[in-house]
Amino acid sequence: MSANIVVSANMIAPVLALVIWSLVMLLWMCVMRFPALMKLKLSTERARGGRGQDLDRILPPETNWPAHNYVHLMEQPTIFYATAIGIAVLGQGTPLNVGLAWGYVALRVLHSIWQAKVNTIPVRSSLFFLATALLLVMAVNGLICALGR
């Protein structure tokens, strides 16, 4: 059984945009945390080892918010990447799927900004669940197409 596969390159742009945004958040995290750590003048022994979440105990909450968001961008968006690339490989870069993908990216960017600057849970969770709903529709669209082949 052979299938002609036509990759929908238009599905890749939102993937790359979210990758770039994730790297922007990494930079934002460093810009917030490094100066705050320098101000603490930690001893060399206290500054050794540890993990990023250990900084939650010694830095102000607002300083850690971009880092928390960066971690979030390493979680659910991995499912988005797989879904968008799967849809692209299936040749299903329809206006609906491309719009859903860009909508997901836009909501994740808004979620990042909100979490890094304001961080109130009702708005943050609303943005998260809206993005999740778009991702679910994308995944269902991809599965329907894959099962129909």
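These notes cover the structure that comes with them. As the structure is a computational prediction, the values presented were derived from the model and not from experiment.

Below, the discussion takes up the overall build of the protein chain. When helices and strands are counted, the protein chain shows five helices and zero strands. For the protein chain, the proportion of its 149 residues judged to be buried stands at 35%. Put simply, 81% of the contacts in the protein chain that link residues at least 6 apart link residues at least 24 apart. Surface accessibility of the protein chain: about 8800 Å² in total, with carbon and sulfur atoms responsible for 71%. Distance between charge centroids for the protein chain: 5 Å, based on 11 positive and 5 negative side chains.

Here the focus is the environment of Ile85. Secondary-structure assignment places Ile85 in helix 3 (residues 77-89). Between the alpha carbons of Ile85 and Arg51 there is a distance of 32 Å; along the sequence they are 34 residues apart.

Our next topic: the packing of aromatic side chains. Taken as a whole and assessed by the stated rule, the structure comprises three aromatic pairs. A centroid spacing of 5.2 Å and a plane angle of 75° characterise the contact between Phe128 and Phe129, whose relative ring orientation is edge-to-face. For Phe128, a relative accessible area of 28% gives the class partly exposed. Taken together, the ring pairs connect Phe80, Tyr81 and Tyr104 into an aromatic cluster.

Let us now look at the side chain of Ser112. As for its placement among the helices and strands, Ser112 is situated in helix 4 (residues 95-117). Leave out the neighbours within four places in its chain, and Ser112 touches Trp21, Met25, Asn69 and Leu73.

Attention now moves to the nonpolar core. Within the largest apolar cluster, 23 residues are counted, with the highest numbers of intra-cluster contacts made by Met11, Leu18, Met25, Phe80, Ala84, Tyr104 and Met138. Elements that contribute at least two residues to this core include exactly helix 1 (12-40), helix 2 (61-73), helix 3, helix 4 and helix 5 (121-147). With seven residues, helix 4 is the single largest residue contributor to this core. Those residues within four positions of Met138 in sequence are excluded, and the remaining contacts are Met11, Phe80, Thr83, Ala84, Ile87, Leu100 and Ala101.

Together, Val7, Ile85 and Val89 make up an exposed nonpolar region whose accessible area comes to about 230 Å². With a relative accessible area of 39%, Ile85 lands in the partly exposed category.

Cut-offs used in this document
Residues numbered from 1 in each chain as written. Predicted model: local features only at pLDDT ≥ 70, side-chain atom pairs only at ≥ 80, totals over all residues. Heavy atoms only, no water. Helix = DSSP H or I, 4+ residues; strand = E, 2+ residues; numbered from the N terminus. Buried < 20%, exposed > 50% of the residue type's maximum accessible area, 1.4 Å probe, protein only. Contact = heavy atoms within 4.5 Å. Areas by Shrake-Rupley, 256 points an atom, 1.4 Å probe, with all protein chains shown as cover. Lys, Arg positive; Asp, Glu negative; His and termini not counted. Charge placed at Lys NZ, Arg CZ, Asp CG, Glu CD. Phe/Tyr/Trp six-rings, centres within 6.5 Å; stacked < 30°, edge-to-face > 60°. Core = buried A, V, L, I, M, F, W, Y, C linked by side-chain atoms within 4.5 Å. Patch = residues over 30% accessible without salt bridge, like charges linked within 9 Å, V, L, I, M, F, W, Y side chains within 5 Å. Salt bridge = Lys/Arg side-chain N within 4 Å of Asp/Glu carboxyl O.

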